[in-house]
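# Chains, contacts and geometry: an overview
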Amino acid sequence: MAETLLQTKGLCKRFGALQVCRNLDLNITSGELHALIGPNGAGKTTAMNLITGLLTPDSGVLFFNGRDITNISVHKRALLGLARAFQVTSLFNDFSVRENLMLAVQAQQRTGFRFWTNATRDRKLMTSADEYVERMGLTERATVLAGALSHGERRQLEMGMALATKPAMLLLDEPMAGLGPGGTLKLCELIEELKGEVTILLVEHDTQAVFALADRISVLVQGEVVATDSPQLIKQNSLVQEAYLGGS
Amino acid sequence: MPNRKTILNGIGLLFFLLLPPVTQIFGQEYLLSLFSRILIYGLAAASLDLILGYGGMVSLGHAVFMGVGGYSVGILAFHSYESSPILSWPFVLAGTENALLAWPFAVLVAGIFGLITGAICLRTKGMHFIMITLAFAQMAYYFFVSLTKFGGSDGLSLYNRNTLPGIDLGSDVLFYYLCLAVLVIFLIVAHRLAGSHFGRVVSACRENEQRVQVLGFASYRYKLACYTFSAAAAGLAGALLVNQSEFISPGIMHWTKSGELMVMVLLGGMGTLVGPVLGAATLLLMEDILAMYTEHWMIILGPFLIIVVLFAKRGLYGLLTETGGNNG
């Protein structure tokens, strides 16, 4: 059996009276594409934030690569290999597409504390960034400011940023949200390509895409994992159908 | 091919270089003192631009670093006149009038003060950051007001400027050129810094700090390093200012002075480094000229400032350098 890359044990998070996560247990195997689905407000984004470290859990522990990361800061988790693409795209709008990716490459190469080398003329940085520009299909838009991109292009760049940090695990928070059928298809192909190369935790509303892409699916209802199984078995699971798929 | 920025910067440099002989020809030497102050405030404003324009850290306490640098020089000189040590324990720190010792000391003290206050201030964001920098500024202000040994609120006078081997700082022309050289060197260093790997991370923090962290940068350290460097540069401006006016009082670090520095940055153009120098020149010259006609010169300056900030995104420098096709 393949080894576990990310494990959460009994994660709990409460916002005031609202219990968003209760005893969240997730086991993500190295190399798989694991999808997290659930109705609105089930706590999917909160789970992502807990894993990235943007939120601290009230209780519970997180292991990444066998290491306890519960109390490790956001940037250190990123350096350990956890990358995140956001649901609401958060790019640097005053930076061009290439500059956005160059910053991500810089994070990976750990060259942030160079005070004199001009970053925009750094050949090495530029070549590495251009790899991702090309891969994300943004070659013709490389010098355009991120703020001027279309929604679909922004999603592609967001993915590229996460990839450019050469992560061991990629957290994708609703990458298809707001995309037209063409954009969804393009992104699906991209994710399909990444499968195997990097472990992916995917949160997505588009169930068709999820069932097509995922190796395993966990269903989250009211902050709790009610089932984890292969797509076929999840489809047949009565508990899931009742809670999420509406019994259809 | 040189672009508009290079041309404009060249014209500006030429203007400042040629100013002393021209004022001598026309017998208007008093202008030199005004323009020395413009250069010094330009340095302070450009250093504020590093944290305000690039780092997005809105500080209302930047003048304090000028004050700390200025007082470092002033107190060293004061003890030199009295030939008494500043500290006799745990080590002996004697007073000095030597610029080669006093100025680096001022930079160091201001930098350390920036590092300590920055380490606390940068734990907050937005409005809280503005308020906490203001709080530190007021604390420092009242601290120096209470130092009666060094003149309290009346301030401290120097008998003469610091000494520098080979250069007579007492000469207004030489002092002016020294200020110009310091400013130009600072602008070059700051420009390199802003474009460096480090500078890109700081700029990214301005836009979306959380995202910077998720990429794997310890954003706090980057911002603190930038804040400290900026404070040290403002300390140098303070050291120069004390020498220029041969006087320092706590008034230099009042929060309204920090506000003036911010106005210079906004007026000249945030995130342009050269812009704030232009802003300093505009503000100080308008103040000087308008004050000749009316004591209510702020009534004219205020609306002018509002118009510039409303209609010129990158301030006066932006207006001059950006062509019609402005794409941000």
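Residues numbered from 1 in each chain as written. Chains lettered and ligands numbered in written order. Predicted model: local features only at pLDDT ≥ 70, side-chain atom pairs only at ≥ 80, totals over all residues.

## A short note on the overall build of chain A
For chain A, the helix and strand inventory stands at nine helices and 10 strands. Taken against the 2.2 N^0.38 rule, which gives 18 Å for 248 residues, the C-alpha radius of gyration of chain A at 18 Å falls within 12% of a compact globule. By principal-axis analysis of the C-alpha atoms, chain A measures approximately 55 × 40 × 40 Å. Burial statistics for chain A: of 248 residues in total, 44% are counted as buried. Of the contacts formed within chain A by residues at least 6 apart in sequence, a portion of 67% connects residues at least 24 apart. (Helix = DSSP H or I, 4+ residues; strand = E, 2+ residues; numbered from the N terminus. Rg over C-alpha atoms; globule rule 2.2 N^0.38 Å. Buried ≥ 20, exposed ≤ 12 C-beta atoms within 10 Å, placed from the backbone. Contact = placed C-beta atoms within 7 Å.)

## Some thoughts on the overall build of chain B
Check the secondary structure of chain B and you find 12 helices and two strands. The N-to-C order of helical and strand elements in chain B reads α-α-α-α-α-β-α-α-α-β-α-α-α-α. Computed over its C-alpha atoms, the radius of gyration of chain B comes to 20 Å, within 12% of the 20 Å expected for a compact globule of 328 residues. Every one of the 328 residues in chain B was classed for burial, and the buried ones make up 45%. By sequence separation, contacts in chain B at least 24 residues apart represent 77% of the contacts at least 6 residues apart.

## A closer look at the packing of helix α7 (residues 197–215) of chain B against helix α8 (residues 219–245) of chain B
Residues and elements named next belong to chain B. Relative orientation of the contacting elements α7 and α8 amounts to 140°, with a least axis distance of 9 Å. In terms of orientation, α7 and α8 fall into the oblique class. Considering the relative orientation of α7 and α8, their crossing is left-handed. When α7 is examined against α8, the residues Phe198, Val201, Val202, Cys205, Glu209, Val212 and Gln213 are found in contact with a partner set consisting of Ser219, Tyr222, Lys223 and Cys226. Broken down by class, the residue content of the contact of α7 with α8 amounts to seven nonpolar, two polar and two charged. (Axes fitted to C-alpha atoms, helices over the stretch in contact; angles between N-to-C directions. Parallel < 35°, antiparallel > 145°, perpendicular 65-115°, else oblique. Left-handed = near helix turned anticlockwise from the far one by under 90°. Nonpolar A, V, L, I, M, F, W, Y, C, P; charged D, E, K, R; others polar.)

## Things to note about the sheet that holds strand β7 (residues 169–173) of chain A
Residue and element names in this part refer to chain A. In spatial order, the strands read β6-β7-β8-β3-β9-β10; together these six strands make up an open sheet with mixed pairing. The sheet is open, and its two borders are formed by β6 (82–85) and β10 (224–229), each paired with just one other strand. Neighbour to neighbour, the strand axes of the sheet diverge by 20° on average, direction disregarded. Along the sheet, helix α5 (residues 151–164) contacts β6 and β7; its crossing angle with β6, the most-contacted strand, is approximately 175°. (Pairing = 2+ DSSP bridges.)

## Observations concerning the packing of helix α2 (residues 30–54) of chain B against helix α10 (residues 274–293) of chain B
Two measures define how a pair of helices packs: the angle their axes make with one another and the distance between the axes. Residue and element names in this part refer to chain B. Where α2 contacts α10, the axes come no closer than 7 Å and their chain directions differ by 135°. When the axis of α2 is compared with that of α10, the two are oblique. For α2 against α10, the interelement crossing comes out right-handed. On the side of α2, the interface is formed by Leu34, Arg37, Ile38, Tyr41, Gly42, Ala45, Ala46, Leu48 and Asp49, while α10 contributes Pro276, Val277, Gly279, Ala280, Ala281, Leu284 and Asp288. Among the residues forming the contact of α2 with α10, the class breakdown is 11 nonpolar, two polar and three charged.

## Concerning the interface of chain A and chain B
Taken together, the 27 residues of chain A in the interface contact 21 residues of chain B. Secondary structure elements with two or more residues in the side of chain A that touches chain B: α2 (74–80) and α3 (97–109) of chain A. Looking at side-chain class alone, the side of chain A that touches chain B contains 13 nonpolar, 11 polar and three charged residues.

## Notes on the domain arrangement of chain A
All names here are of chain A. The domains assigned to chain A are domain 1 (1–81 + 169–248) and domain 2 (94–166). For domain 1 versus domain 2, the distance between C-alpha centres works out to 26 Å. At the interface, eight residues of domain 1 touch seven residues of domain 2. With three residues, the top contributor of residues to the side of domain 1 that touches domain 2 is helix α6 (residues 181–194). Within the side of domain 1 that touches domain 2, the residues separate by chemical class into six nonpolar, two polar and no charged. (Domains from an automatic or database assignment.)

## Some thoughts on the confidence of the model for chain B
All names here are of chain B. Considering every residue of chain B, the mean pLDDT works out to 92; 98% of them sit at 70 or more. Here residues 324–328 is a poorly scored stretch, pLDDT under 50, and it has one contact once near neighbours within four places are set aside; other chains count. Of the two predicted TM-score estimates for the complex, the pTM is 0.91 and the ipTM is 0.87. (pLDDT = per-residue confidence, 0-100.)

## Looking at the environment of A:Ala129
Residue placement: A:Ala129 occurs in helix α4 (residues 123–135). Along the sequence, A:Ala129 and A:Glu99 sit 30 residues apart, while their C-alpha atoms lie 8.0 Å from each other.

## Considerations on the domain arrangement of chain B
How big an interface is tends to be reported as the loss of accessible area on association of its parts. All names here are of chain B. As assigned here, chain B comprises domain 1 (58–252) and domain 2 (254–328). Using C-alpha coordinates to define each centre, domain 1 is positioned 23 Å away from domain 2. Facing 15 residues of domain 1, the contacting portion of domain 2 comprises nine residues. Going through the elements one at a time, α5 (126–145) and α6 (172–195) are the ones with two or more residues in the side of domain 1 that touches domain 2. Class assignment for the residues of the side of domain 1 that touches domain 2 results in 10 nonpolar, five polar and no charged.

## A few points about the environment of A:Asn27
Residues and elements named next belong to chain A. Topologically, Asn27 is positioned in strand β2 (residues 18–29). The spatial distance from the C-alpha of Asn27 to the C-alpha of Ala107 is 27 Å, given a sequence separation of 80 residues. Setting aside its immediate chain neighbours within four residues, Asn27 contacts Thr4 and Gln7.

## Here we look at unusual backbone geometry
All names here are of chain A. Phi is positive for Glu174, which is not a glycine, with a value near 45°. Position of Glu174 relative to the elements: it lies in the loop between β7 and α6. On the basis of neighbour counts, which here come to 20 C-beta atoms within 10 Å, the residue Glu174 falls in the buried class. Although it is not a glycine, Gln222 sits at a positive phi angle of roughly 45°. Summarising the element assignment, Gln222 is placed in the loop between β9 (216–221) and β10. Among the residues examined, Gln222 registers 15 C-beta atoms within 10 Å and is labelled partly exposed.

## Brief notes about the pairing of β6(A)
Residues and elements named next belong to chain A. With burial as the criterion, each face of β6 is covered, one bearing Leu82 and Arg84 and the other bearing Ala83 and Ala85. One ladder, built from four bridges, connects β6 with β7; its direction is parallel. Paired with Ala85 across the strands is Leu172, a residue of β7.

## Concerning the pairing of β7(A)
Residues and elements named next belong to chain A. Among the five residues of β7, five are classified as buried, and the element is accordingly described as predominantly covered. Residues Met169, Leu171 and Asp173 of β7 are buried on one face, and the alternating residues Leu170 and Leu172, pointing to the opposite face, are buried as well. As paired strands, β7 and strand β8 (residues 199–203) are joined by five bridges and run parallel to one another. Within β8, the residue paired with Asp173 across the bridge is Val203. Since β7 and β8 lie parallel, the crossover through α6 that links them has a hand, and here it is right-handed. (Right-handed = clockwise from strand over helix to strand, strands pointing away.)

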